[in-house]
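Listed below, chain by chain, are the residues.
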Amino acid sequence: MPRAKNASFATPSTHQSAATAGTTSVAVIGAGMSGVTCARTLAQAGYSVTLFDKSRGVGGRMSTRQSAFGNFDHGTQYFTVRDPRFTQALATTPAAAKRWSANTVRVLDDTGHVLSTNNRTSDSHWVGAPGMNGLLKAWASPLADNSIAGSQVHLQSRVTLLNKQEGQWTLNIEVSDGEHTSTAQASGFDQVVLAIPSDQAQTLLRDSALMPTWQTQLGDVVVDPCWTLMLAYPKASQPGLAHLGPQWNVARSTHHRISWMARESSKPGRTSIERWTVQANPEWSREHINDAPERVVAKLIKAFAEVTGIRVEPGHAVAHRWLYAQTRTPLGSSHLFDKRQGLGLCGDWCLGNRVENAFVSGLELALDMVQPTKAVSPAKAVKAKKPAKPATS
């Protein structure tokens with residue numbers, strides 16, 4: 001994916017001239033599954049779309065963390081596909097999503113004994129390729145490289161305030177280069193989409209003195225946090241030693257600290273160095289939400305050893321805290337859209353905690369925004385150009 005812009009914003013006159021020419025200009029805030037899906041669908045329908053995200057790359061919780069020992073899918077572990085529109089969309093970029101042979105998932109007790117084995121189901125487990133973020137990188141690429149005319153992507157850009165005057169939206173933005181932060185504005189937008197966690201959307205609306213009814217609705221949404229541990233055992237990758245520890249590659253656990261463990265090297269297209277992603281359960285994560293990462297690493301390594309029997313010192317151990325990881329109480333509708341204000345909200349938290357929920361939310365918001373004047377198919381909405389070279393849930 002070409003490097004997206006992170007400092008230079010289009011001037012108001014640029015957006016105003018686009019609007020005068022009959023093109024609706026939309027700012028989409030958040031580059032996770034729902035935001036990228038919404039942005040691609042709108043762009044394919046002829047809208048001028050600018051995608052903003054506070055992170056260094058697209059993906060949201062479908063992120064991939066790089067390390068000297070290989071990558072970790074430290075957020076979303078896999079996704080399933082049930083909605084035919086999601087199936088159509090995935091078919092447009094077949095190299096960016098692969099089936100993972102982890103349909104048989106063991107459930108273990110505190111000491112690693114198998115309590116049950118989930119039988120294979122009709123739901124295949126899918127992962128992004130070459131990492132979990134590969135899917136959204138492929139879908140967002142035409143927005144960033146201007147393959148879809150009028151589209152832009154701005155990373156490391158956190159939107160802090162929304163203001164609407166004379167029918168046009170202005171965004172106040174904190175822009176980071178990794179070391180320094182500056183402020184900027186982007187203006188001239190006809191519509192704005194918030195594709196961010198519900199708590200962050202509620203805060204942005206409150207700070208902007210917008211949509212009090214929506215603020216109340218968002219207050220009813222509950223999303224649990226999650227501590228994730230990333231472990232690498234490079235010494236296990238030796239001749240004659242296939243892997244370290246258990247024969248299984250993925251398991252859920254009833255342990256009081258951890259609920260999920262996955263061997264990263266078992267996923268398609270990953271490197272062979274022994275790596276594990278371990279996710280704490282929601283209760284433990286809430287209780288230890290403000291713990292220092294070093295303390296979390298020590299506690300989760302101990303729990304991991306108790307369940308798997310792997311007691312050797314890892315060569316790499318890093319924890320990541322997700323403040324908004326798994327929806328417990330969803331909004332109950334696929335999205336919110338106020339046509340008069342030109343403001344919409346989407347995210348997995350609207351419907352549940354699956355990746356497909358985020359896709360459906362972003363797609364249905366976009367279709368609501370473009371109807372009835374324009375139409376676009378789900379597959380066409382996310383169809384990415386073919387690169388010249390190979391470029392939970």
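Remember, predicted model here, so these are calculated numbers, not experimental data.

What counts as what
Residues numbered from 1 in each chain as written. Predicted model: local features only at pLDDT ≥ 70, side-chain atom pairs only at ≥ 80, totals over all residues. Heavy atoms only, no water. Pairing = 2+ DSSP bridges. Helix = DSSP H or I, 4+ residues; strand = E, 2+ residues; numbered from the N terminus. Salt bridge = Lys/Arg side-chain N within 4 Å of Asp/Glu carboxyl O. Buried < 20%, exposed > 50% of the residue type's maximum accessible area, 1.4 Å probe, protein only. Core = buried A, V, L, I, M, F, W, Y, C linked by side-chain atoms within 4.5 Å. Contact = heavy atoms within 4.5 Å. Axes fitted to C-alpha atoms, helices over the stretch in contact; angles between N-to-C directions. Left-handed = near helix turned anticlockwise from the far one by under 90°. Nonpolar A, V, L, I, M, F, W, Y, C, P; charged D, E, K, R; others polar. Polar contact = N/O pair within 3.5 Å; in protein donor to acceptor, adjacent residues only side chain to side chain.

1. Focus on the pairing of strand S10 (residues 181–189)
Next up, step 1: Both strand S9 (residues 168–176) and S10 contribute to a ladder of eight bridges, which runs antiparallel. Residue pairing in the sheet places Thr170 in a bridge with Ser187 of S10.
Next up, step 2: The antiparallel pairing of S9 with S10 creates a hairpin that spans four residues between the two strands, and Gly178 there sits at a positive phi of about 100 degrees.

2. Some words on the pattern of salt bridges
Next up, step 1: Taken as a whole and assessed by the stated rule, the structure comprises 14 salt bridges.
Next up, step 2: One salt bridge in this structure joins Asp73 and Arg270, with 2.7 Å as the shortest N-O distance. One end of the pair, Asp73, is in the loop between strand S2 (48–52) and helix H3 (84–91); the other, Arg270, is in the loop between strand S14 (258–263) and strand S15 (274–280), and 197 residues separate them in sequence.
Next up, step 3: Residue classification places Arg270 among the buried positions, given a relative accessible area of 14%.
Next up, step 4: Here Glu364 makes a salt bridge to Arg85, at a shortest N to O gap of 3.0 Å. In this pair, Glu364 is assigned in helix H9 (residues 355–370) and Arg85 in helix H3, connecting sequence segments 279 residues apart.
Next up, step 5: Three or more residues joined by partner-sharing salt bridges are found here, namely Asp73, Glu264, Lys267 and Arg270.

3. Side note on the nonpolar core
Next up, step 1: Core analysis: the biggest nonpolar cluster contains 54 residues, and Met33, Leu42, Phe79, Phe86, Leu135, Trp139 and Val193 have the highest contact counts within it.
Next up, step 2: Broken down by element, this core gets its largest block of residues, 10 residues, from H9.
Next up, step 3: Once you skip the residues sitting within four places of it in the chain, Leu42 turns out to touch Val26, Tyr47, Val49, Ala366, Met369 and Val370.
Next up, step 4: By size, the runner-up hydrophobic cluster in this structure holds 29 residues, among which are Ala27, Ile29, Leu194 and Leu343.

4. Let's talk about the sheet that holds strand S8 (residues 157–165)
Next up, step 1: Strands sit in the order S8-S9-S10 across an open sheet of three strands; the sheet is antiparallel. The open sheet has two edge strands, S8 and S10, and neither has a second partner. Ignoring which end each strand starts from, the neighbouring axes of this sheet average 20 degrees apart.
Next up, step 2: Pairing of S8 with S9, which is carried by eight bridges, proceeds in the antiparallel orientation. For Ser157, the partnering residue across the bridge sits in S9 and is Val175.

5. Some details on the environment of Trp349
Next up, step 1: Residue position: Trp349 is located in the loop between strand S18 (343–345) and H9.
Next up, step 2: We classify Trp349 as buried; its relative accessible area is 2%.
Next up, step 3: Taking the C-alpha atoms as reference points, Trp349 and Pro197, 152 residues apart in sequence, are found 7.4 Å from one another.
Next up, step 4: Residues within four places of Trp349 in sequence aside, it is in contact with Ile196, Pro197, Ser198, Leu218, Val221, Val223, Thr327, Pro330 and Leu331.

6. Some details on the packing of helix H2 (residues 33–44) against helix H4 (residues 134–144)
Next up, step 1: Contact pair H2 / H4: the axes reach a minimum separation of 10 Å and the direction vectors enclose 35 degrees. Pair H2 / H4 crosses with left-handed handedness. Within the contact between the two elements, H2 uses Met33, Val36, Thr37, Ala39, Arg40 and Ala43 and H4 uses Leu135, Leu136, Ala138, Trp139, Ala140, Pro142 and Leu143.
Next up, step 2: Its residues assigned to classes, the contact of H2 with H4 comprises 11 nonpolar, one polar and one charged.

7. What to know about unusual backbone geometry
Next up, step 1: Omega for the bond connecting Ala129 with Pro130 falls within 30 degrees of zero, at 5 degrees, which places this linkage in the cis form.
Next up, step 2: Position of Pro130 among the secondary structure elements: in the loop between strand S6 (125–128) and H4.
Next up, step 3: If you check the backbone angles, Glu166 has positive phi at about 55 degrees while not being a glycine.
Next up, step 4: Its location among the elements puts Glu166 in the loop between S8 and S9.
Next up, step 5: Non-glycine residue Met211 carries a positive phi angle of around 50 degrees.
Next up, step 6: Tracing the sequence through the fold places Met211 in the loop between helix H5 (198–207) and helix H6 (212–219).
Next up, step 7: Exposure remark for Met211: the relative accessible area of 13% places this residue in the buried category.

8. Structural notes on the environment of Asp291
Next up, step 1: The residue Asp291 is located in the loop between helix H7 (282–287) and helix H8 (293–308) in this model.
Next up, step 2: On a C-alpha basis, the gap between Asp291 and Arg321 in space is 9.8 Å, while along the polypeptide they are 30 residues apart.
Next up, step 3: The contact partners of Asp291, leaving out residues within four places of it in the chain, are Trp227 and Val296.
Next up, step 4: Only 2.7 Å separates the side chain of Asp291 from the side chain of His288, close enough to count as a polar contact.
Next up, step 5: A distance of 3.3 Å separates polar atoms of two side chains, one belonging to Asp291 and the other to Arg295.

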